[in-house]
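Structural characterization, general
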Amino acid sequence: QVQLVESGGGLVETGGSLRLSCVGSGVARTEDYVIGWFHQAPGKGRVGISSISTKEGRVYARESVKGRFTISRDAAKDTVFLQMDKLTPEDPGTYYCASGFLTIRSFAMRRETDFPYWGQGIQVTVSS
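Residues numbered from 1 in each chain as written. Predicted model: local features only at pLDDT ≥ 70, side-chain atom pairs only at ≥ 80, totals over all residues. Heavy atoms only, no water.

Counting its regular elements, the protein chain contains 1 helix and 11 strands. Seen through its C-alpha atoms, the protein chain measures out along the principal axes to roughly 45 × 25 × 25 Å. Relative to all contacts within the protein chain whose residues are 6 or more apart in sequence, the contacts with residues 24 or more apart total 58%. Looking at the protein chain as shown, the accessible area adds up to about 7,000 Å², and 49% of this sits on carbon and sulfur atoms. In the protein chain, which carries 15 positive and 13 negative side-chain charges, the distance between the mean positions of the two groups comes to 3 Å. (Helix = DSSP H or I, 4+ residues; strand = E, 2+ residues; numbered from the N terminus. Contact = heavy atoms within 4.5 Å. Areas by Shrake-Rupley, 256 points an atom, 1.4 Å probe, with all protein chains shown as cover. Lys, Arg positive; Asp, Glu negative; His and termini not counted. Charge placed at Lys NZ, Arg CZ, Asp CG, Glu CD.)

According to the stated counting rule, one finds 5 salt bridges in the structure shown. One salt bridge in this structure joins Glu112 and Arg46, with 2.8 Å as the shortest N-O distance. A residue pair is termed long-range when its members are at least 10 positions apart, and Glu112 in the loop between α1 (104–107) and β10 (117–118) and Arg46 in strand β5 (residues 46–53) qualify at 66 residues. Linking Arg58 and Glu56 is a salt bridge whose minimum nitrogen-to-oxygen distance equals 3.5 Å. Per residue, the accessibility class of Arg58 equals that of Glu56, and both read exposed. (Salt bridge = Lys/Arg side-chain N within 4 Å of Asp/Glu carboxyl O. Buried < 20%, exposed > 50% of the residue type's maximum accessible area, 1.4 Å probe, protein only.)

Before going further, it helps to examine the packing of aromatic side chains. Inspection of every chain in the model, using the stated rule, returns 5 aromatic pairs. A ring pair is formed by Phe38 and Trp118, whose centres lie 4.7 Å apart and whose planes are at 40°; its orientation type is tilted. In this pair, Phe38 is assigned in strand β4 (residues 33–40) and Trp118 in strand β10, connecting sequence segments 80 residues apart. Since its relative accessible area comes to 23%, Trp118 is described here as partly exposed. Summarising the aromatic geometry, the rings of Tyr96 and Trp118 are spaced 6.0 Å apart at their centres and angled 75° between planes, so their arrangement reads as edge-to-face. Note that Tyr96 is positioned in strand β9 (residues 93–101) and Trp118 in strand β10, a separation of 22 residues in sequence. Put simply, the rings of Phe38, Tyr96, Phe115 and Trp118 touch in pairs and so form one group of aromatic residues. Across from the ring centre of Tyr96, 5.2 Å away, lies the NZ or CZ of Arg46, which sits over that ring. Taking the ring centre of Trp118 as reference, the NZ or CZ of Arg46 above it sits at 4.3 Å. (Phe/Tyr/Trp six-rings, centres within 6.5 Å; stacked < 30°, edge-to-face > 60°. Lys NZ or Arg CZ within 6 Å of the ring centre and 35° of its normal.)

On the secondary structure map, Ser99 appears in strand β9. The residues touching Ser99, leaving out its near neighbours within four places in the chain, are Val2, Leu4, Val34, Ile35, Asp114, Phe115, Pro116 and Tyr117.

The strand order β1-β3-β8-β7 describes an open sheet built from 4 strands, whose pairing is antiparallel. Each edge of the sheet is formed by a strand with only one pairing partner; in this case those strands are β1 (3–7) and β7 (69–74). With direction set aside, neighbouring strand axes in the sheet form an average angle of 20°. Pairing geometry for β7 and strand β8 (residues 79–84), over 6 bridges, is antiparallel. When the bridges of β8 are listed, Arg73 appears paired with Val80. (Pairing = 2+ DSSP bridges. Axes fitted to C-alpha atoms, helices over the stretch in contact; angles between N-to-C directions.)

Formed by 23 residues in total, the largest nonpolar core has its most connected members in Leu20, Trp37, Phe69, Leu82, Met84 and Tyr95. Among all residues touching Met84, those that are not within four sequence positions of it are Gly16, Ser17, Leu18, Leu20, Arg68, Phe69, Tyr95 and Val124. In terms of nonpolar packing, the next biggest core, distinct from the first, is built from 6 residues, Val34, Tyr96, Ala98 and Met109 among them. (Core = buried A, V, L, I, M, F, W, Y, C linked by side-chain atoms within 4.5 Å.)

That's the geometry; what it means functionally is another story.
Dropping the structure here:
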C-alpha cells in the first residue's frame, strides 16, 4: 500500500526558507498520481497549497504561495519536495503530504477525499 513520509520541518526565522520532502513507497510508476501538500494552521482546517502530477510534473499552487513556494519531484526516487521561501508568521503549522489518483479535480486539491493516502504531518515554526 502507498505510504508517505515527510521530513524537513523545523524552526526558521521570518523570511527564511525550508525544504519539505515527501518520500513515497508502494507507488506504481505506471500510474498517474497527484501529490499534494496541505497546510493546517493552528486551530484551522487543512488547505491544499500545492500539487504535482507524478508522470508529467505539472504543478498547481494556490495564489497565496505563488512566488514563495515551489513544488518539484524526483520521480526516480519517488520523492516530492516543497521549497518554502520567504516564510511568514502565517505559514507555521502542520504540513501534510497526501496522494491520490490524478484527475482534474484532485489536481486542483478541491476535496481531501481525493487524497486517500496521507503522511503523518510535520511541524513548521516561524520565529521573528
